[in-house]
Amino acid sequence: MKLLKTALCSVIFLSSSVCAGQAYYEARSDAMGGASVASSNREGAAFINPALLALHAPKFNDFALLLPVLGADGSDKDQMADKFDALEDSYDGLESAINALDAVAIERFRVDLIADLESLKGNTAYVSAGIGFSLVIPSDKMAMAVFYKSYIDAVGVTAIEQSDIDDLTALNPNSPPEVSDLDSQGAVVAGAVSDFGVAISLPLSIVNMPISVGISPKFQRIDTYNYVVSANNFDSSDANDAKYRNDEATFNLDVGVAMEPIGGLVVGVSGRNLISKDVETVETQGRKFTYQVEPLYTAGVAYDWDSLTLTSDIDLNAHQRFDEIDGTQYWRLGGEVRATDWLALRLGYRHDMKNSTSDIYSLGTGLAFGQAFYLDFTGMLGSDDAIGGVLQTSYHF
């Protein structure tokens, strides 16, 4: 158990090199490296900076519905999932061979199981996924949007015990012992945050300079998962079982400010999850973690020409999810070219100034079908075979 605790803590720390991203998905901003505090369109403004709703309001008099946005990214550079499947097949084969007293099969599956355990040493994998929607209600006096978003981070790790390999190496096929669960274990540790709220934005003016402020009160649910089992029983889909899950409901708040000092230039600042909350996972196999929802402050700038937008964001503080994993602090850079009235091309880059996560490169496009229907999709690539994508549709009426 001591080895498991040490392995989980150290391996989860290492796996943070690919984990943790935006904490929400929105295809246009993700295509521009995640930069959106000053450049988000009104459909996505409630996710990152509610103040942009009022800044956009004078340009539009229709409703905008973002439904749905679907996103996911992940990395399984070690093919950990496939290796666990192979290990389970070897274990089941060994168990059947021992029950049948088949020495030849015992020897074959014993060797295979040792190889499977060796191949899983130090393996990690991660996946993030999210969904969302928003409904923007037009108003020159007080712009509003109703929104929902849900995002989950999951990290898979292994803790391989040398004692399993030693026991299998010493196993006599002609006089095998009874089969028991392996001491080696697999684990999935995850946290999910779901928000449902209303974004409200008010337009102001300082010396004829447009400025807006926004606030988003929201109900928030935080789910944590701590799944740890013997390697021969590992199935990542079981991590959602109620006995491995803990949840807590709370209230939280986002705020934002946006201003346009000169035509086309927007400067924005947002603060998300202003009320801190820590939720402990359930204790599994003597180990538990703490998932943290903490305030995150981000500043951004964007310049918009007729057919070109350039934008950049920077996190003003580090963001830490699990207390055992280093925090992240991102700088994001991106741009959009509106090639025609119906086609937009986007490019972006995201860098973690804490060097806890991989650099991510993104590419996306937006298609307009008339004035009512829009389709956006984004692809993301990073080191350690990290890959992801976002797809969304929106409607204007």
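Since this is a predicted model, take the numbers as computed values, not measurements.

> What is the right way to read a nonpolar patch on the surface from this model?
A cluster of nonpolar residues, V269, Y297, I314, L316, W331, L333 and M353, forms a patch on the protein surface that exposes about 570 Å² of accessible area. Take Y297: it is sitting in strand 10 (residues 296-304).

> Could you clarify how one ought to interpret a negative patch on the surface in this entry?
Together, D82, D85, D89, D92, E95, D181, D235, D238 and D241 give the surface a local cluster of negative charge. Mapping D89 onto the fold places it in helix 5 (residues 80-99).

> Would you explain the packing of aromatic side chains in this entry?
For the coordinates displayed, the defined rule picks out 15 aromatic pairs. A centroid spacing of 5.5 Å and a plane angle of 40° characterise the contact between F369 and F373, whose relative ring orientation is tilted. With a relative accessible area of 26%, F373 lands in the partly exposed category. Here the aromatic rings of F373 and Y395 are separated by 5.3 Å at their centres, their planes lie at 45°, and the arrangement is tilted. One end of the pair, F373, is in strand 15 (residues 373-382); the other, Y395, is in strand 16 (residues 387-396), with 22 residues separating them in the sequence. Here R42 stacks its cationic end above the ring of F60, 4.2 Å away from the centre of that ring. Its end group placed over the ring of Y330, R350 keeps NZ or CZ at 4.6 Å from the ring centre.

> How should I be thinking about helix 7 (residues 162-169) in this particular structure?
Owing to its 3.6 residues per turn, the α-helix brings residues three or four apart onto one side. Listed in full, the buried residues belonging to helix 7 are D164, I165 and L168. Looking straight down helix 7, one finds that the buried residues subtend no more than 95° of arc, so they occupy a single side. Taken together, the buried residues of helix 7 touch helix 5 and helix 6 (103-119).

> What is the right way to read unusual backbone geometry from this model?
For residues besides glycine, phi is generally negative; the peptide bonds are generally trans as well. Following L67, the chain continues to P68 via a peptide bond in cis, the omega torsion being -10°. By the element assignment, P68 lies in strand 1 (residues 64-75). We note that V207 has phi near 50°; this positive angle belongs to a residue other than glycine. By secondary structure assignment, the location of V207 is in the loop between strand 4 (185-206) and strand 5 (209-230). Phi is positive for N355, which is not a glycine, with a value near 55°. Given a relative accessible area of 62%, N355 falls into the exposed group.

> Help me out: how do you make sense of the pairing of strand 7 (residues 265-272) in this one?
Looking down a regular strand, the side chains alternate between one sheet face and the other. Sheet topology places strand 6 (residues 245-262) next to strand 7; 6 bridges connect them, and they run antiparallel. When the bridges of strand 7 are listed, G256 appears paired with S270. Taking the residues between adjacent antiparallel strands as the criterion, strand 6 and strand 7 are bridged by 2 residues, where G264 takes a positive phi near 90°. With 8 bridges connecting them, strand 7 and strand 10 associate as antiparallel partners. Each residue of the ladder has a partner; that of G268, found in strand 10, is G300.

> When you look at helix 5 in this model, what are you seeing that I'm missing?
When the terminal C-alpha atoms of helix 5 are compared, their 29 Å separation across 20 residues agrees well with the 28 Å that a helix rising 1.5 Å per residue should span. Turning to helix 5, its buried residues are M80, F84, L87, S90, Y91, G93, L94, A97 and I98. Buried residues in helix 5 make contact with helix 6, strand 2 (124-137), strand 3 (143-159), helix 7 and strand 4. At the exit of helix 5 stands L101, carrying a positive phi of roughly 55°.

> Explain the packing of helix 6 against helix 7 to me, please; I cannot follow it from the model alone.
Geometrically, a packed helix pair is captured by the angle between its two axes and the distance between the axes. Contact geometry for helix 6 and helix 7: axes closest at 10 Å, N-to-C directions at 160°. Accordingly, the angle class assigned to the pair helix 6 and helix 7 is roughly antiparallel. Both helix 6 and helix 7 take part in a crossing whose hand is left-handed. Within the contact between the two elements, helix 6 uses R110, L113, I114, L117 and E118 and helix 7 uses D164, I165, L168 and T169. Its residues assigned to classes, the contact of helix 6 with helix 7 shows 5 nonpolar, 1 polar and 3 charged.

> What's the story with the side chain of S270 in this structure? I'm lost.
If you trace the backbone, S270 turns up in strand 7. Side-chain polar atoms of S270 contact the backbone oxygen of I48, separated by 3.2 Å. Filtering out sequence-adjacent residues up to four positions away, S270 remains in contact with V37, I48, N49, V255, G256, L296, Y297 and T298.

> It is not clear to me how the pairing of strand 3 should be interpreted in this structure. Could you clarify?
With 13 of 17 residues buried, strand 3 lies mostly within the body of the structure. Taking the residues that link successive antiparallel strands as the turn, the strand 2-strand 3 hairpin has 5 residues. Across 17 bridges, strand 3 lies against strand 4 in antiparallel orientation. Residue D153 lies in a different strand from strand 4, and its bridge partner there is G191.

Procedures and definitions
Residues numbered from 1 in each chain as written. Predicted model: local features only at pLDDT ≥ 70, side-chain atom pairs only at ≥ 80, totals over all residues. Heavy atoms only, no water. Patch = residues over 30% accessible without salt bridge, like charges linked within 9 Å, V, L, I, M, F, W, Y side chains within 5 Å. Areas by Shrake-Rupley, 256 points an atom, 1.4 Å probe, with all protein chains shown as cover. Salt bridge = Lys/Arg side-chain N within 4 Å of Asp/Glu carboxyl O. Helix = DSSP H or I, 4+ residues; strand = E, 2+ residues; numbered from the N terminus. Lys, Arg positive; Asp, Glu negative; His and termini not counted. Charge placed at Lys NZ, Arg CZ, Asp CG, Glu CD. Phe/Tyr/Trp six-rings, centres within 6.5 Å; stacked < 30°, edge-to-face > 60°. Buried < 20%, exposed > 50% of the residue type's maximum accessible area, 1.4 Å probe, protein only. Lys NZ or Arg CZ within 6 Å of the ring centre and 35° of its normal. Arc of directions from axis to C-beta. Contact = heavy atoms within 4.5 Å. Pairing = 2+ DSSP bridges. Expected span 1.5 Å × (residues − 1). Axes fitted to C-alpha atoms, helices over the stretch in contact; angles between N-to-C directions. Parallel < 35°, antiparallel > 145°, perpendicular 65-115°, else oblique. Left-handed = near helix turned anticlockwise from the far one by under 90°. Nonpolar A, V, L, I, M, F, W, Y, C, P; charged D, E, K, R; others polar. Polar contact = N/O pair within 3.5 Å; in protein donor to acceptor, adjacent residues only side chain to side chain.

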